[in-house]
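# An overview of the molecular structure
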Amino acid sequence: MSVFYKASYAVGFHPWEDLAAHRPFAEALLALVEQEEDGRPPPYGRALDLGCGSGTWGVKLAARGWSVTGVDNVAKALGRARHRIHEAGVEMRLVQGDVTRLLESDVGPGYDLVLDTGTFHGLTPAQRRDMGREVDAISAADATVVLDCFSPRKRGPLPRGCTREDVEEAFPGWEVVAVVDADTDPDPISRILRFDEVFYRLRRRVDSA
C-alpha cells in the first residue's frame, strides 16, 4: 500500500483528507476521542497518529489538547502535514517511519491513544501482526487503540479491508470493546465500493497489562 500512497500524494490524489469535512465520519471518530478525554480538562496525554498522512486528524487531536506524534513513510504527505500544522497553529511532532517498525522509527513509548484512520486494513496479514506487536510495545498500560477499517473486499489498488478476526489476531493482548459505524451517510463511491466502514476501539486486556 505504501506504493499506492506515494503515487497518490505525488499526483495530488488524496480524497481521504476530505473525511474531516464529512460530518458523519468526523462526528463518529471524535465521539470516540471524547471517551478518552472523559470530561477532563487538557492536556489529555500522548496520542500517536499512525499513517498520519497530511496530519488531518493529528492536527485536530492537537487542537483538542493532546500531545501528538504523527508517523508516516510518505515524505510528500509529511510535507503537507507540516504546512497543515503551521496553518492550524498547533504543535505536532512528525516522524518518517514504518508503522510495522515503530520502535526503529524513534516515535518513543507511552502513548495513551493510538489512532489509525486507514493504514491497518491495507496491510498484509504479516504486516498487520507486525503493526500490532509494535503498537503493543509503544502503548501505555491503559491505552486505547482506534482503527478505521473497511470490510474485506477486493477494490483494486484501494485497501482490501479486514475482519474483526483480523484485528483480534494482530492484537492478541487487546480486546475489541466497541465496533462503531464510521459513516452513516456514505457518498456514492463508498456505496459502490461497499466500504462498510467501521471503527474498532481496543483496550489492553487486564491479564496482558
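See above for the structure.
Everything numeric here is computed off the predicted structure, so don't read it as measured data.

## A closer look at the packing of aromatic side chains
Overall, the coordinates contain six aromatic pairs when judged by the stated rule. Between F25 and W57, the ring centres sit 5.8 Å apart and the planes meet at 45°, which makes this aromatic pair tilted. In this pair, F25 is assigned in helix α2 (residues 23-37) and W57 in helix α3 (residues 56-64), connecting sequence segments 32 residues apart. Given a relative accessible area of 0%, F25 falls into the buried group. W57 gets classed as buried once you look at its relative accessible area, which sits at 6%. Look at F171 and W174: their rings are 6.5 Å apart centre to centre, the planes differ by 85°, and that puts the pair in the edge-to-face class. Residue F171 is classed as buried on the basis of its relative accessible area, which comes to 1%. Taking relative accessible area as the criterion, W174 reaches 2% and is therefore assigned buried. Grouped by ring-pair contacts, the aromatic residues F25, W57 and F199 constitute a single cluster. The ring of Y111 has R46 sitting right over it, with the charged end atom 4.2 Å from the ring centre. One residue, R128, lies across the ring of F120, its end atom 5.5 Å from the ring centre.

## Notes on the nonpolar core
The biggest cluster of nonpolar side chains holds 28 residues, and the ones touching the most others in it are L48, L50, F120, L147, V167, F171 and L202. Looking at this core, the element that brings in the most residues is strand β5 (residues 139-149), giving five residues. Those residues within four positions of F120 in sequence are excluded, and the remaining contacts are R128, M131, L147, C149, C162, D166, V167, A170 and F171. The next biggest cluster of nonpolar side chains, apart from the first, holds 24 residues, and it includes L61, W66, V90 and A182.

## Considering α2
Relative to the 21 Å expected for 15 residues at 1.5 Å per residue, α2 spans 20 Å between its end C-alpha atoms, a close match to the ideal helical length. Of the residues making up α2, those classed as buried are F25, A26, A28, L29, L30, L32, V33, E36 and E37. Residues of α2 that are buried sit in contact with α3, β2 (66-72), β4 (111-116), β5, β6 (174-181) and β7 (198-204).

## Concerning the sheet that holds strand β3 (residues 92-96)
Where strands meet in a sheet, backbone hydrogen bonds hold them as pairs that are either parallel or antiparallel. Spatially, β3-β2-β1-β4-β5-β7-β6 is the arrangement adopted by the seven strands of the open sheet, whose pairing is mixed. Every interior strand has two partners, whereas the edge strands, β3 and β6, have only one. When the angles between neighbouring strand axes are averaged without regard to direction, this sheet yields 20°. Relative to β7, β6 runs antiparallel, the two sharing seven bridges. Within β7, the residue paired with D181 across the bridge is V198. Across the sheet, α3 is in contact with β1 (45-50), β2, β3 and β4; its angle to β2 comes to roughly 165°.

## A word on the pattern of salt bridges
It is possible for side chains bearing opposite charge to pair when their charged atoms get close. As enumerated under the stated definition, the model contains 14 salt bridges in all. Note that R64 and E37 form a salt bridge whose closest N and O atoms lie 2.8 Å from each other. Here the residue R64 occupies a position in helix α3, and E37 occupies one in helix α2, the gap between them amounting to 27 residues. On the accessibility criterion, R64 (25% relative accessible area) is partly exposed. We classify E37 as buried; its relative accessible area is 5%. We note a salt bridge from R204 to D136, for which the minimum N-O separation is 2.8 Å. Placement of the pair is R204 in strand β7 and D136 in helix α5 (residues 125-138), with a sequence separation of 68 residues. Look at R204 and you get buried, because its relative accessible area is 14%. Each of E34, E37 and R64 takes part in salt bridges that share partners, so that together they form one network.

Each value, and the rule that gives it
Residues numbered from 1 in each chain as written. Predicted model: local features only at pLDDT ≥ 70, side-chain atom pairs only at ≥ 80, totals over all residues. Heavy atoms only, no water. Phe/Tyr/Trp six-rings, centres within 6.5 Å; stacked < 30°, edge-to-face > 60°. Helix = DSSP H or I, 4+ residues; strand = E, 2+ residues; numbered from the N terminus. Buried < 20%, exposed > 50% of the residue type's maximum accessible area, 1.4 Å probe, protein only. Lys NZ or Arg CZ within 6 Å of the ring centre and 35° of its normal. Core = buried A, V, L, I, M, F, W, Y, C linked by side-chain atoms within 4.5 Å. Contact = heavy atoms within 4.5 Å. Expected span 1.5 Å × (residues − 1). Pairing = 2+ DSSP bridges. Axes fitted to C-alpha atoms, helices over the stretch in contact; angles between N-to-C directions. Salt bridge = Lys/Arg side-chain N within 4 Å of Asp/Glu carboxyl O.

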